[in-house]
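Listed below are the residues making up each chain.
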Amino acid sequence: MSSLTTMLKAPGAMLEVDDDPEAVYEFFCSKGWSDGLPVIPPTPERVERMLAYCDRNFDQPVVKIPPRFGAATPIRVAANAVMAGCKPEYFPLVLLALEAMAEEPYNLYGTQATTHPCTPLLIFNGPIAAEVGINAGHNVMGNFFRANAAIGRAVRLALVNIGAAIPGTGDMATAGTPAKFTFCVAENEAASPWEPLHVERGFPQEASTVTVIAAESPHNVNDHESISAEGILTMTAGTMTITGSNNAYYAGQPCVAFGPEHAQTIAGDGMSKADVKQWLFEHATMPMGRFSKEGIERRFRRKLADQYANASLDAAVRMFAKPEDLIVIVTGGAGKHSAYIPTFGNTRSVTRALKREDGELVTSIEELKRG
Amino acid sequence: MAQLTKRGLIAAVVCSDSFMKLGTAQAKVFGVPDLPLLKIQHPLGGLNMDKVRARAAVAVPQLLKVVKEQQS
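As the structure is a computational prediction, the values presented were derived from the model and not from experiment. (Residues numbered from 1 in each chain as written. Chains lettered and ligands numbered in written order. Predicted model: local features only at pLDDT ≥ 70, side-chain atom pairs only at ≥ 80, totals over all residues.)

Colleague: A description of the overall build of chain B should follow, citing residues and the corresponding values.
Modeller: Assigned secondary structure in chain B consists of 3 helices and 2 strands. Ordering the α and β elements of chain B from the N terminus gives α-β-α-β-α. (Helix = DSSP H or I, 4+ residues; strand = E, 2+ residues; numbered from the N terminus.)

Colleague: I'd like to hear about the sheet that holds strand β12 (residues 350-353) of chain A, residue by residue, with values.
Modeller: All names here are of chain A. Pairing in this open sheet of 4 strands is mixed, and the strands run β4-β3-β5-β12 from one edge to the other. Here the strands that pair on one side only, and so sit at the sheet edges, are β4 (184-186) and β12. Strand-to-strand twist across the sheet, computed as the mean angle between neighbouring axes with direction ignored, equals 20 degrees. The sheet contact formed by strand β3 (residues 119-125) and β4 spans 3 bridges and is parallel. Note that in β4 the partner of Leu 122 across the bridge is Cys 184. Its contacts with the sheet place helix α5 (residues 91-102) against β3, β5 (209-215) and β12, and it is angled at close to 55 degrees to β5. (Pairing = 2+ DSSP bridges. Axes fitted to C-alpha atoms, helices over the stretch in contact; angles between N-to-C directions. Contact = placed C-beta atoms within 7 Å.)

Colleague: Tell me what's going on with the interface of chain A and chain B, and back it up with residues and numbers.
Modeller: Taken together, the 8 residues of chain A in the interface contact 6 residues of chain B. Within the side of chain A that touches chain B, the residues separate by chemical class into 4 nonpolar, 3 polar and 1 charged. (Nonpolar A, V, L, I, M, F, W, Y, C, P; charged D, E, K, R; others polar.)

Colleague: Describe unusual backbone geometry, listing the residues and the values that go with them.
Modeller: A cis geometry characterises the amide bond from Pro 66 of chain A onward to Pro 67 of chain A, with omega recorded as 5 degrees. Of note, Pro 67 of chain A is situated in the loop between β1 (63-65) and β2 (70-72). The omega torsion across His 42 of chain B and Pro 43 of chain B is 0 degrees, close enough to zero to call that bond cis. Structurally, the position occupied by Pro 43 of chain B is in the loop between β2 (37-40) and α3 (49-71). Although it is not a glycine, Asn 107 of chain A sits at a positive phi angle of roughly 65 degrees. Locating Asn 107 of chain A in the fold gives a position in the loop between α5 and α6 (108-113).

Colleague: With reference to specific residues and values, describe the sheet that holds strand β6 (residues 219-222) of chain A.
Modeller: Neighbouring strands of a sheet are bound in pairs by backbone hydrogen bonds; such pairs are parallel or else antiparallel. Residues and elements named next belong to chain A. If you walk across this open sheet you meet the 4 strands as β6-β11-β7-β10, and the pairing is mixed. Of all strands in the sheet, those bounded by a partner on one side alone are β6 and β10 (327-330). Sheet twist, expressed as the average angle between the axes of neighbouring strands with direction ignored, equals 20 degrees. Strand direction decides the pairing type here: strand β7 (residues 255-258) and β10, joined by 4 bridges, are parallel.

By themselves, these figures tell us nothing about what the structure is for.
In structure tokens form, the structure reads like this:
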């Protein structure tokens, strides 16, 4: 714990605020250290408790977060996790998400500073998601569940407070998205008829992983009428084909999050996850003529000239470049709803497994507990 | 541009007024706090050619000034 003690002795490391919730709230907002909501004050004692499940050196940067390229040390991230309302056992998952986002394919710099309304969607797979209480059932993308709220919020606070994704200065989002408060789910593996996302990507079933996607807010797919795979996928494809999406221009890896009932109906007709991706690749298209004349001329004819320079207005515009690029998960509770989640486009999702310092997979969060 | 500046070349970034704070901050982050930012009116995207030329007319004199200053 010496590094924590040393760091707290550094000039300016400690601040005093009245021991009053409203005073703390006012102070953090005035400093620009909050997301606009009240925070838990990151006292030394709370930060130290937050690090109880951290097997890293507390003051060694795990990643650097653009656009400031601030050093995300465990101590700094822990302070943000305290502020967000995390339990200490959530903390390794916050670090894991930041590490995944720092991998080059994710394009953290671009996703932080862009005018586009993207934010990290964190999808957790494996046993630790349930162990720490990440919701995968009803209202999975909504409010109420502490782990979903606090883990996603801690990541967002780190992006702002360490990375300087400050609106108008480092985060140039024109309008942003409410998902910037938190966007964190677990896949409902028990209710899925298909292999979970991490297994599909080559990780063992017992691995606990996070997949990070530079996502927009989800759009609902309401389908109470279809009783066939083709019916539900037709409705899904219709929801996916939108002219204003970055995926229409930059392809990328958009995500379909099927509700369990839709997924069961689709699988019941014999379709695998790969079949679903292939079907949507072929059908989630729209004619170029649906775009504006200027869009056709400036975007498709010139910038995407290799595909569309001489194409007819009936030429198909796809939302992803190849079937395997579509991310398919199953999450949520009962009901005839699924969700389509467009992305920043110029980004790739990254999946990363939670491992101990020795490189072995963590199968229970308790393995990381210090002392 | 930061890399070009560090290699001794004359470099500048065209930056619309809405993005000046980001440009200034990033120049510092990348170790070239004096990187010239050629300020034009926002936006640059979605303009017809006349308006693009008008932006260029504002940027080019700033670029020439940078070149002259750094050559002298």
